[in-house]
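# Topology and contacts: notes
Chain residues, written in single-letter form:
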Amino acid sequence: MMHKSHDFLSASPVNIMRPGFMLIRQRQSSRRSLFLALALWLISAPIQAALDIEIFGGGASQIPIAITPFAGEEKLKHSITAVVAADLQRSGLFRLVDSPGPPLRDPRQVAYPDWKSRGANALVIGSAVMLPDGQVEVSFYLMDVAKQVQLIDYTMIVPVDRLRAAAHQIADIIYEKLMGDVGVFSTRIAYVVKQGNKYALQVADADGFNAQSIIEYSEPIISPAWSPDGTQIAYVSFENKKPIVYVQTLATRGRKVVANFKGSNSAPAWSPDGKRLAVVLSLQGGSQIFLVNADGSGLQRLSQSSGIDTEPNFSPDGQTIIFTSDRGGSPQIYRMAVTGSASGTAERLTFEGSYNVSPHHSRDGKGFTFIHRNGAKFNVAVQDLATRQVQLLTDSRFDESPSPAPNDRMILYATEVKGRGILAVVSGDGKTRQELSMQAGDVREPAWGPLPKSASR
Amino acid sequence: MKKVMSVLLIGLLSACASQTTQPTAESTSAARAETNPNLNPNLNPILKDSNNILSKRSVYFDYDSFVVKNEYRATVQAHAQYLRDNAAAKVLLQGNADERGSREYNLALGQKRADSVRSAMTLSGAKDSQIEAVSLGEEKPRATGHDEASWAENRRTDIRYQGE
């Protein structure tokens, strides 16, 4: 992620151009604030399950893109156009250009000079047709306005209740073509909502829609962690007077205990193959990192110190674990090999400041994000594993639990605004920030889910 | 679609209602008053006697410290003595931390506070098998303010007897 953010920061427009696509650099005022008037998905849940989204700032370079209303979508219950537009805007990498006039269905109808004069570099046109079998045929074209060429011609047939997912997929395809890396609009996020004395572990689409409670309790829930295939979530529940690690399958809601040993059980982290979890147990004194099979069998100790070793996180290749330890007198981030036996050997990675915690590898394995105490503030930072260069991405007071997006472009984290817990997303270069809040209640402990399996485009 | 999803969601929510434990405050206290004596008939009333040192259940710690301070030695020793005299009795030691910083790291800090009370108790003759030291981290604050007074209140280990 660090490489990408640096590339992006220093890139001239030419460097991030896709072949055949013209990009104009846009200067953004840093205080610009956009509010997305998203229709909120309010459901009659014990805990209100909808996130409001607000976007601040914008990247140095944004691609101006026009999206004409998809022809025929007025006959459907949901707008595809609005979802695609909101997704692209939320990434901070696109600026929406007004699209006056009637919908366009055919690329031959496009008057390129008109779009050029409106300032658009890219144009999306599309249509949605209800088929006799009740499914919807969604087609769209992506055009390079400067070169007057068609970049994408794509058609999909989807059930009517999957239109929103189809729109996210369209946004992913556009993003991928124009930005050159995978889009994350079809991913999901997990987080914990606290309302009064009620706690809910919820899963929602990356745009905050379709939020559902996975489990609700009158005792705290922390540390949700997605299995690599996105079908299960490990978490820590205090429902039994102490922390116990569970794994719950999203489709069936069935759950099982993974770690309920004498003492405390916490901080679950999946191995990349999904077969094992690293957990933190006080079973043998202190708080130490153990490995356990996903079914709760095969416990073995991994770390060996006299104090605190916690917050383990596997490298994408599964060979190493980064974790927080106080072995040096203050909490710092260390790295150790995943071997067959407990070892006290670990390499210290953080040296700036007296409090560096909650490490998470970037998905490309080249760096990690973590929380750095910066004076009286706790902020999101990233560090490159090769150069050890640290970059602070936020400037708020109490940031926690950073979780990188599957394309490393953004980091989801928990923070606080006016005494209330909210989620926020910061771009890898720190320039764009979004807030995801709830009208009532504290939102915390976010975890960004993996790419959906169908994302192998 | 919206209607379909709403129905689905309501279905899902009611499906998980059985997992939800959310008694009202009223019913909780009523249930406690009635059932607790029956829950563990062996629970000695002396543990609740406000004139007895055994009714003291909290050990407080300084910032970033895990040392049981002298002012709490007598309390810890009295509970160790009780465990020594009542081999069937068991305690859960719940360590706590203030809200600043990482939740998981604070869980580990709370564990240190529970572990140090356990050590003091076993040194005074309680058996390790009678004690479980766990942490609630920053998740169950007794004081909910965001100031030093609240934080100090939350740097604490609580002693809970089995059956309580």
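In this report, we go over the structure that sits alongside the text. Within any chain, residue numbers begin from 1 and follow the written order of that chain's sequence. Think of it this way: whatever chain is written first is A, whatever ligand is written first is 1, and the rest follow in order. Side-chain atom pairs in this predicted model are given and counted only at pLDDT of 80 or more, local residue features only at pLDDT of at least 70, and totals for whole chains, interfaces and linings cover all residues. To get the side-chain values, take all heavy atoms of the structure and skip hydrogens and water.

### Looking at the interface of chain A and chain B
With 56 residues of chain A at the interface, the matching set in chain B holds 42 residues. Summed over both partners, the accessible area lost on bringing two parts together, with a 1.4 Å probe, is the buried area. Counting the surface lost from both chain A and chain B, the interface buries some 4,100 Å², and carbon and sulfur atoms represent 58% of this. When a carboxyl oxygen of Asp or Glu is within 4 Å of a side-chain nitrogen of Lys or Arg, the pair counts as a salt bridge. One can count five salt bridges joining chain A with chain B. The residue Arg103(B) makes a salt bridge to Glu445(A) at a minimum N-O spacing of 3.5 Å. Counted as a polar contact is a pair of N or O atoms within 3.5 Å, where, for protein atoms, one must be capable of donating a hydrogen and the other of accepting one, and residues adjacent in sequence contribute only when both atoms are in side chains. Viewed at the interface, chain B and chain A are joined by 17 residue pairs in polar contact (both at pLDDT 80 or more). Secondary structure follows DSSP: runs of H or I at least 4 residues long count as helices, runs of E at least 2 residues long count as strands, and numbering of each begins at the N terminus. Of all the secondary-structure elements, those providing two or more residues to the side of chain A that touches chain B are strand E9 (198-205), strand E10 (212-217), strand E11 (221-226), strand E15 (265-270), strand E19 (309-314), strand E23 (356-361) and strand E31 (442-448) of chain A. A total of six residues in the side of chain A that touches chain B trace back to one element, the largest contributor, which is E10(A). Residues that form the side of chain A that touches chain B fall into these classes: 23 nonpolar, 17 polar and 16 charged. In this description, contact between two residues means that some pair of their heavy atoms is separated by no more than 4.5 Å. When residues are sorted by character, Ala, Val, Leu, Ile, Met, Phe, Trp, Tyr, Cys and Pro go into the nonpolar class, Asp, Glu, Lys and Arg into the charged class, and all the rest, Gly among them, into the polar class.

### Some details on the pattern of salt bridges
Applying the stated criterion across every chain yields a total of 27 salt bridges over all chains. Between Glu164(B) and Arg57(B) there is a salt bridge, with the nearest N and O atoms lying 2.8 Å from each other. Of the two residues, Glu164(B) sits in the segment after strand E4 (156-161) while Arg57(B) sits in the loop between helix H2 (25-39) and strand E1 (58-60), which places them 107 residues apart along the sequence. Only protein chains enter the calculation, and the probe is 1.4 Å; a residue is then buried if its accessible area is under 20% of its type maximum, exposed if over 50%, and partly exposed in between. Taking relative accessible area as the criterion, Glu164(B) reaches 16% and is therefore assigned buried. With relative accessibility at 15%, the residue Arg57(B) sits in the buried group. Through salt bridges with shared partners, a single ionic network connects Glu400(A), Glu445(A), Arg103(B), Glu138(B) and Glu139(B).

### Describing the packing of helix H3 (residues 73-85) of chain B against helix H4 (residues 103-123) of chain B
Angle between the axes and distance between the axes are the two parameters that describe a pair of packed helices. Residues and elements named next belong to chain B. For the pair H3 and H4, the least separation of the axes is 8 Å and the interaxial angle reads 60°. In terms of orientation, H3 and H4 fall into the oblique class. Judged by the twist between their axes, the crossing of H3 over H4 is right-handed. Facing Arg-73, Val-76, His-79, Ala-80 and Leu-83 of H3, the residues of H4 in contact are Val-117, Ala-120 and Met-121. The class makeup of the residues in the contact of H3 with H4 is six nonpolar, one polar and one charged. Between N-to-C directions, angles cover 0 to 180 degrees, with each direction set by a line fitted to C-alpha atoms, over the stretch in contact for helices. Just so you know how the angles are binned, under 35 degrees is roughly parallel, over 145 roughly antiparallel, 65 to 115 roughly perpendicular, and the rest oblique. The hand of a helix crossing depends on one turn: near helix anticlockwise from the far one by less than a right angle means left-handed, and clockwise means right-handed.

### Quick look at the sheet that holds strand E25 (residues 377-384) of chain A
All names here are of chain A. Two strands are counted as paired when DSSP detects at least two bridges linking them. As summarised here, the arrangement of the four strands in space is E23-E24-E25-E26, forming an open sheet in which the pairing is antiparallel. Whereas interior strands pair on both sides, the edge strands pair on one side only; in this sheet they are E23 and strand E26 (390-392). Looking at each pair of strands side by side, their axes are set apart by 30° on average, direction ignored. Summarising the sheet, E23 and strand E24 (residues 367-374) pair through four bridges and their orientation is antiparallel. Residue pairing for E24: His-360 is matched across the bridge by Thr-369.

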